[in-house]
Amino acid sequence: MAETSLWRAAVRPRMLGLLVLLLAAAAVCGRLGAWQLERAEVRGAAAAQREAARVVTADPEPLADLLAPGQTFVGDLVARKALVTGTYDDDGTLLVTGREHAGRTDGYLVLTPLHVATPDGTAVLPVVRGWSPTPDVAPAPAGEVEVVGWLQAGEEAGTTPVDGRTDAISAPQLLTVWGGPVYTGYLVVQTGDPADPAGLEPLDPPTRAGSGLNVQNLAYAAQWWIFGLFAVGLWWRLVRDEAAGRPPLPGDGDASGAPPTDVDHGVPAHDGGVAAGATPPDDRRVASGA
């Protein structure tokens, strides 16, 4: 078959029929992928609810067993419940702006340094005591306090804290304001003893990134979508082969239109002719009867 353009090959009835068939297969794969994505969301949400309940009721561990001042904060520490004893430095309290709580963004997280005794001296632990709708916050409890809360990783540096406000809970920035050494993570308060007189609204436990989706179902969704793309790619490959011309099938003869050749000598054979290399008969001898 001679070569032709991709457009001519694509609109041939055979190619159009294959296109309809493969598009139907791709549509089925797309729908199955969407279904698996829905399952990933449903199962992920259920798993997240179970994890949140476990985090709330988990027994606290001593902070010293989980994290040391200046130590790198690893992802497994997120939402681990820690118990720590120290003294608040209310003069260092900062209001963290731009954070959402219960659908509101016009309030503040109240961030107060907690001075913690360690084997190497006193260190500073950033503690989020809660959320306040106004900047007027009562002082933190005086004296020694015992705090139970969830660990969360420190954030990227933001703008320099000004007038007791900041837009990031960043250990390097807090080091310049509070001094150090400073813990690389911070604590979100669940309970305190004595209780905080500020009456702040408590925060939910931190969550890990990507915890809202079930990974297994998400992988199944990706596989179905890849199958759908493969079906479309297969049709395009068939169109390209069709445009390039398929090789002749057995029994079709030479696609160039040349006559069949003599098997023994590889030259065209003609009725009444003589193959190349054969000795022609002696016409004179035949004519004389010899």
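Anyway, here's the lowdown on the structure attached to this text. As the structure is a computational prediction, the values presented were derived from the model and not from experiment. Counting from 1, residues in each chain are numbered in the order their sequence is written. Predicted model: local features are reported for residues with pLDDT of at least 70 only, side-chain atom pairs are reported and counted for 80 or more only, and whole-chain, interface and lining totals are derived from all residues. Hydrogens and water molecules were not included; the side-chain quantities draw on all heavy atoms of the structure.

Looking at the overall build of the protein chain
Summing up its helical and strand segments, the protein chain has six helices and eight strands in all. Helix numbers and strand numbers start at the N terminus; a helix is a DSSP run of H or I with at least 4 residues, a strand a run of E with at least 2. Along the protein chain, from the amino end to the carboxyl end, the secondary structure elements read α-α-β-α-β-β-β-β-β-β-α-β-α-α. The buried share of the protein chain, reckoned over its 290 residues, is 29%. The contacts of the protein chain with a sequence gap of at least 6 include a subset with a gap of at least 24, amounting to 73%. Of the roughly 17,700 Å² of accessible surface on the protein chain, 58% is carried by carbon and sulfur atoms. Think of it in three bands: with a 1.4 Å probe and only protein chains considered, a residue is buried below 20% of the maximum accessible area for its type, exposed above 50%, and partly exposed in between. What makes two residues a contact is simply this: any of their non-hydrogen atoms within 4.5 Å. All accessibility values rest on the Shrake-Rupley procedure with a 1.4 Å probe; residue burial counts only the protein chains present in the view.

A short note on the packing of aromatic side chains
Each Phe, Tyr or Trp ring (for Trp, its six-membered ring) is paired with any other whose centre lies within 6.5 Å, and the angle between the two planes then decides the class: stacked below 30 degrees, edge-to-face above 60, tilted in between. Under the criterion given, the structure shown has one aromatic pair. Whether a charge lies above a ring is judged from NZ of Lys or CZ of Arg, which has to be within 6 Å of the ring centre and within 35 degrees of the ring normal. A cation over a ring is seen here: Arg129 above Tyr88, with NZ or CZ 5.9 Å from the ring centre.

Details of the pattern of salt bridges
When the charged atoms of two side chains lie near each other, side chains of opposite charge can form a pair. When a carboxyl oxygen of Asp or Glu lies within 4 Å of a side-chain nitrogen of Lys or Arg, that pair is called a salt bridge. Per the stated rule, a full pass over the model turns up eight salt bridges. A salt bridge links Glu61 to Arg80, with the nearest nitrogen and oxygen atoms 3.0 Å apart. Taken together, the positions of Glu61 in strand β1 (residues 61-62) and Arg80 in the loop between α3 (63-66) and β2 (81-88) put the pair 19 residues apart, joining distant regions of the chain. Given a relative accessible area of 28%, Arg80 falls into the partly exposed group. The closest approach of N and O atoms between Arg129 and Asp90, which form a salt bridge, is 3.9 Å. Placement of Arg129 in strand β5 (residues 121-132) and of Asp90 in the loop between β2 and β3 (94-96) is noted, with a sequence separation of 39 residues between them. Exposure remark for Asp90: the relative accessible area of 29% places this residue in the partly exposed category. Overlapping salt bridges, with partners in common, bring together Arg12, Arg14 and Glu242 in one network.

Examining the side chain of Gln173
The topology assignment puts Gln173 in helix α4 (residues 171-178). Only 2.6 Å separates the side chain of Gln173 from the backbone oxygen of Gly158, close enough to count as a polar contact. Beyond its immediate stretch of four places on either side in the chain, Gln173 contacts Ala157, Gly158, Thr159, Thr160, Pro161, Thr166 and Ala168. Any N or O atom pair separated by 3.5 Å or less is treated as a polar contact, with the protein-specific requirement of one donor-capable and one acceptor-capable atom, and with residues adjacent in sequence counted only for side-chain atom pairs.

Let's talk about the nonpolar core
Among buried residues, those of type Ala, Val, Leu, Ile, Met, Phe, Trp, Tyr and Cys that are joined through side-chain atoms within 4.5 Å constitute a nonpolar core. Core analysis: the largest hydrophobic core is formed by 39 residues, its most contacted members being Leu63, Val84, Tyr88, Leu114, Leu125 and Leu187. For this core, the secondary structure elements donating two or more residues are α3, β2, β3, β4 (108-118), β5, β6 (144-153), α4 and β8 (185-193). For this core, the element with the highest residue contribution is β5, accounting for six residues. Listed in part, the nine residues of the second largest apolar core include Ala10, Met15, Leu22 and Trp235.

Brief notes about a nonpolar patch on the surface
Patch members must show over 30% relative accessible area and no salt bridge, and they are joined within 9 Å when carrying like charges or within 5 Å when they are nonpolar side chains of Val, Leu, Ile, Met, Phe, Trp or Tyr. On the surface, a cluster of nonpolar side chains totalling about 490 Å² of accessible area is made up of Tyr220, Trp224, Trp225, Ile226 and Phe227. Among the structural elements, Trp224 can be located in helix α5 (residues 215-244). The exposure class of Trp224 is partly exposed, given its relative accessible area of 30%.

Some points on the pairing of β2
Following DSSP output, two strands are said to pair if at least two bridges run between them. Alignment of β1 against β2, held across two bridges, turns out to be parallel. Counted as the bridge partner of Glu61 is Ala82 from β2. Summarising the sheet, β2 and β6 pair through seven bridges and their orientation is antiparallel. Of the residues in β6, the one forming a bridge with Thr85 is Glu146. Two strands pair when backbone bridges link them, and β2 and β4 are joined in this way by two bridges, in the antiparallel orientation.

Some details on unusual backbone geometry
Trans peptide bonds make up most of the peptide bonds, and negative phi angles are found at most residues other than glycine. Backbone torsion omega between Gly180 and Pro181 reads 5 degrees, so that peptide bond is classified as cis. You can see Pro181 is positioned in the loop between α4 and β8. Look at the link from Asp193 to Pro194: it is a cis peptide, with omega at 5 degrees. With respect to the helices and strands, Pro194 occurs in the loop between β8 and α5. Despite not being glycine, Ala102 shows a phi value in the positive range, around 55 degrees. Note that Ala102 resides in the loop between β3 and β4.

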